[in-house]
Amino acid sequence: MFLSPLPACVKIAVHTSGMRDSLSKQQSLFSQQQDQKAEVVRVEKNLNTIGFFTPSSKKLVGIPAKKVTIKIRSSTGQRVDAHATIFPAAEFGLPTTADQDKYFAFQKLIERLRGTDGMINNPVRFTSAAMLEILGMTQGGKNYQEISIWLRRMTFTGIESEGVVFLAGKKKYARDMFHVFHRSVAVGEVLEDGTVAQENYVWLSDWQLDNLNNRHTLPLNYDVYRTLQLHIGKALLPLLQLWFYASREQYTEKRYTQLCSLLGIQQYQAVSRIRQQIGPSLDELKRQSFLANWEIDETA
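Scope of this entry: the structure provided in the associated data block. Only a predicted model underlies this, so the values are computations on that prediction, with no experimental measurement involved.

Turning our attention to the overall build of the protein. Looking only at helices and strands, one finds 10 helices and 12 strands in the protein. Within the protein, the fraction of its 300 residues that count as buried is 52%. Surface exposure of the protein reaches about 14,200 Å², of which carbon and sulfur atoms provide 48%.

Right, here's the structure in full:
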């Protein structure tokens, strides 16, 4: 469930019966009618936790840095505030849900490239055709160009973590500046040895590589994700999955102010405007049997 702003709060309920394994336990937000053999993509948790991808159908250029505050559990067991700031690249802007689509497809490609020891190594190589096939997009020149721009945006966008990015290998929250991709080379660009790249190359940042190799990932129902058309719904789905799992309940709730901060969307005062803003996306998740119900309540 979610909570809303000043006087409102959004609640979301979901069926949890019929879950049969540990994966389903993490996916406790799916209804019992959901196909057990649904396609799953395992995505690194931190980017969704901090709202790295902003729901938008437009290029977010000229937008200031996005600041997010979330609750984490400290080493003493207390719930404390942690902060993250996402710094956009001047030319490419903040990452959007279109970039999230490609990032999830990239995570599927990574799983295919794990070595016999189960590890991922730099650089990660993939063809644009393979990514477009996962995305269900045609192999036209424009789509190839969008992958090249996505590589640049993911490489240049910065993250400042004040205790919010979790480092699985060190088992602690980081206070540092990061990038998601340390380096990238798109197909057609020149490599260090002077040859022209026939594939895309990505050098994952140390923290990303470490978290993926330590399986600090979230199993996401990719079948449901690919059916979503609304950008807020796409941004909400992985967040909801994290929240439902963390609450261990059949419902969850979040303050609307926190939700707006995390998603990077405008905050409204009137409940009617709030319903108009997020209601269609929640209804879309409901139609896909991802949610059982949702509601907006006033906070005490």
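Turning next to the packing of helix 4 (residues 128-135) against helix 5 (residues 141-156). The N-to-C vectors of helix 4 and helix 5 enclose an angle of 100°; their axes lie 10 Å apart at closest approach. Accordingly, the angle class assigned to the pair helix 4 and helix 5 is roughly perpendicular. Counted together, Ser 128, Ala 129, Met 131 and Leu 132 of helix 4 and Asn 143, Tyr 144, Ile 147 and Trp 150 of helix 5 form the full contact between these two elements. A class-by-class count of the residues in the contact of helix 4 with helix 5 yields six nonpolar, two polar and no charged.

When we look at a pair of aromatic rings, we describe it by the centre distance and by the angle of the planes. Under the counting rule described, the total for this entry stands at 13 aromatic pairs. Between Phe 92 and Phe 156 the ring centres are 6.1 Å apart and the planes differ by 0°, which places this aromatic pair in the stacked class. Placement of the pair is Phe 92 in the loop between strand 4 (79-87) and helix 3 (97-113) and Phe 156 in helix 5, with a sequence separation of 64 residues. For Phe 92, a relative accessible area of 10% corresponds to the buried category. Given the relative accessible area of 48%, Phe 156 is considered partly exposed. Here a set of aromatic residues connected by ring pairs shows up, and it is made of Phe 52, Phe 53, Tyr 103, Phe 104, Tyr 222 and Tyr 225.

A few words on the environment of Gly 51. Structurally, Gly 51 is set in the loop between helix 2 (45-49) and strand 3 (66-73). Accessibility expressed as a relative area gives 6% for Gly 51, which makes it buried. Between the alpha carbons of Gly 51 and Leu 239 there is a distance of 8.4 Å; along the sequence they are 188 residues apart. Non-local contacts of Gly 51, meaning those with residues more than four positions away in its chain, are made with Lys 66, Ile 86 and Leu 262.

Here the structure, examined in full by the defined rule, presents 11 salt bridges. Where Glu 111 meets Arg 215, a salt bridge forms, and the shortest distance between an N and an O atom there is 3.8 Å. In this pair, Glu 111 sits in helix 3 while Arg 215 sits in the loop between helix 6 (206-213) and strand 10 (217-221), placing the two residues 104 residues apart along the sequence. Residue Arg 215 is classed as partly exposed on the basis of its relative accessible area, which comes to 44%. Across the pair Arg 152 and Glu 189 runs a salt bridge, and its minimum N-O distance is 2.3 Å. Of this pair, Arg 152 sits in helix 5 while Glu 189 is found in the loop between strand 8 (181-185) and strand 9 (200-204), placing the two residues 37 residues apart along the sequence. Judged by relative accessible area, which is 27%, Arg 152 ranks as partly exposed. Here the salt bridges share partners, and the residues they tie into one network are Glu 39, Lys 108, Asp 223 and Arg 226.

Attention now moves to the sheet that holds strand 9. On the basis of which strands lie adjacent, the open sheet formed by three strands has the order 5-9-8 and antiparallel pairing. This sheet does not close on itself; its edge strands, each paired only once, are strand 5 (124-126) and strand 8. Averaged over all pairs of adjacent strands, the angle between strand axes in this sheet comes to 20°, irrespective of strand direction. Bridging between strand 5 and strand 9 involves three bridges; their strand directions are antiparallel. Considered in strand 9, the bridge of Val 124 is made with Val 202. Against the sheet, helix 5 contacts strand 5, strand 8 and strand 9, and its axis sits at roughly 155° relative to strand 8.

All right, on to unusual backbone geometry then. For the peptide bond that leads from Asn 122 to Pro 123, omega is -5°, which places it in the cis range. In this fold, Pro 123 is placed in the loop between helix 3 and strand 5. The backbone phi angle of Arg 215 is positive, close to 60°, even though this residue is not glycine. We note that Ser 289 has phi near 60°; this positive angle belongs to a residue other than glycine.

The rules behind the values
- Residues numbered from 1 in each chain as written.
- Predicted model: local features only at pLDDT ≥ 70, side-chain atom pairs only at ≥ 80, totals over all residues.
- Heavy atoms only, no water.
- Helix = DSSP H or I, 4+ residues; strand = E, 2+ residues; numbered from the N terminus.
- Buried < 20%, exposed > 50% of the residue type's maximum accessible area, 1.4 Å probe, protein only.
- Areas by Shrake-Rupley, 256 points an atom, 1.4 Å probe, with all protein chains shown as cover.
- Axes fitted to C-alpha atoms, helices over the stretch in contact; angles between N-to-C directions.
- Parallel < 35°, antiparallel > 145°, perpendicular 65-115°, else oblique.
- Contact = heavy atoms within 4.5 Å.
- Nonpolar A, V, L, I, M, F, W, Y, C, P; charged D, E, K, R; others polar.
- Phe/Tyr/Trp six-rings, centres within 6.5 Å; stacked < 30°, edge-to-face > 60°.
- Salt bridge = Lys/Arg side-chain N within 4 Å of Asp/Glu carboxyl O.
- Pairing = 2+ DSSP bridges.

None of the figures reported here should be taken as evidence of function without further support.
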